Amino acid sequence: NANFIVLASWLYEWFPNIPFWYPQQGAGVSFTTFYPILNHLIVVVIAKVFALPIAVAFRYYALISVILTSLGIYILAVRFTRNQTVAALASIFYPLSSIAWIFLLGWGFFAEQASYVFVAPAIVFFELYLSGIYENKSTFTNRLFFLLFLLFSVLSLLAHPLAFIGLIVLLVPFFIIYP
């Protein structure tokens, strides 16, 4: 997490005119293309908007990402199980699981863990879109569901490529087993 905070601090210093080159790592690397920076930018925006230190904004975003991921799990579980009790249990057990916090704050997988915020909405909007396709609906809302699916998929890619790859691998069987 120290590396995340250092990179976010450097972004904070240069935001919104982010330079292409980051000279403080090795002999220098391309900052905008070597690692997904969406989570860094979210932390920087939180720090700038609320006039917080980067480390405090980082902790707030960590908490917000767990809460939003839990909310996404609830919506996903309600959509697939049609049972609010099961959905509530799933959303309660996620923040209670140790891996939700160890990835974020212990092992340094912050960007990957925070990118899970975008995965559940992408799955929900993809399922809503497929429902409309199978019901032969070509409406504005069905197109909107597809655009929202694309938006959340791209956000997951910009947040962390592994979350996007996991999302795509998960959604491929939808075409096979969905109806």
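These numbers were taken from a predicted model, which means no experiment stands behind them. (Residues numbered from 1 in each chain as written. Predicted model: local features only at pLDDT ≥ 70, side-chain atom pairs only at ≥ 80, totals over all residues. Heavy atoms only, no water.)

Enquirer: Give a detailed account of unusual backbone geometry, specifying residues and quantitative values.
Expert: In this chain, F15 is followed by P16 through a cis amide linkage whose omega measures 5°. For A51, which is not glycine, the phi torsion reads 55° and is therefore positive. Tracing the sequence through the fold places A51 in the loop between α3 (38-50) and α4 (54-81). Positioned with a positive phi, R82 is a non-glycine residue whose angle comes to about 60°. Along the chain, R82 falls in the loop between α4 and α5 (84-96). On the accessibility criterion, R82 (61% relative accessible area) is exposed. (Helix = DSSP H or I, 4+ residues; strand = E, 2+ residues; numbered from the N terminus. Buried < 20%, exposed > 50% of the residue type's maximum accessible area, 1.4 Å probe, protein only.)

Enquirer: A description of the layout of surface pockets should follow, citing residues and the corresponding values.
Expert: Taken as a whole, the largest pocket spans an internal volume of roughly 150 Å³. Along the walls of the largest pocket sit T32, T33, Y35, P36, I37, L38, L157, L158 and P161, which together make up its complete lining. (1 Å grid on protein atoms, 1.4 Å probe; cavity = no way out; pocket = protein on both sides within 12 Å on 5 of 7 lines; lining within 4 Å. Points joined across faces, edges and corners; volume = space filled by probe spheres on them.)

Enquirer: Please provide a residue-by-residue account of the pattern of salt bridges, values included.
Expert: Tallying each qualifying case throughout the model produces 1 salt bridge. Between R79 and E127 there is a salt bridge, and its shortest N-O distance comes to 2.5 Å. Of the two residues, R79 sits in helix α4 while E127 sits in helix α8 (residues 119-134), which places them 48 residues apart along the sequence. Under the relative-accessibility criterion, E127 is labelled buried at 5%. (Salt bridge = Lys/Arg side-chain N within 4 Å of Asp/Glu carboxyl O.)

Enquirer: Can you lay out the environment of A57 for me, pointing to particular residues and giving the numbers?
Expert: Turning to its location among the elements, A57 is positioned in helix α4. With 14 residues separating them in the primary sequence, A57 and V43 have C-alpha atoms 5.7 Å apart. Setting aside chain neighbours within four positions, we find A57 in contact with V43, I46, A47 and L52. (Contact = heavy atoms within 4.5 Å.)

Enquirer: Go over the packing of aromatic side chains with me, naming the residues and quoting the values.
Expert: Inspection of every chain in the model, using the stated rule, returns 8 aromatic pairs. Residues Y129 and F146 carry aromatic rings whose centres are separated by 4.8 Å and whose planes lie at 45° to one another, so their mutual orientation is tilted. One end of the pair, Y129, is in helix α8; the other, F146, is in helix α9 (residues 140-159), with 17 residues separating them in the sequence. Given a relative accessible area of 30%, F146 falls into the partly exposed group. (Phe/Tyr/Trp six-rings, centres within 6.5 Å; stacked < 30°, edge-to-face > 60°.)

Enquirer: Outline the packing of α9 against helix α10 (residues 161-177), listing residues and values.
Expert: Two numbers describe how α9 lies on α10: the axes approach to 6 Å, and their chain directions differ by 140°. Looking at the two axes, α9 sits oblique to α10. On α10, the residues touching F149, S153, S156 and L157 of α9 are P161, A163, F164, L167 and L171. In terms of residue class, the contact of α9 with α10 is made up of 7 nonpolar, 2 polar and no charged. (Axes fitted to C-alpha atoms, helices over the stretch in contact; angles between N-to-C directions. Parallel < 35°, antiparallel > 145°, perpendicular 65-115°, else oblique. Nonpolar A, V, L, I, M, F, W, Y, C, P; charged D, E, K, R; others polar.)

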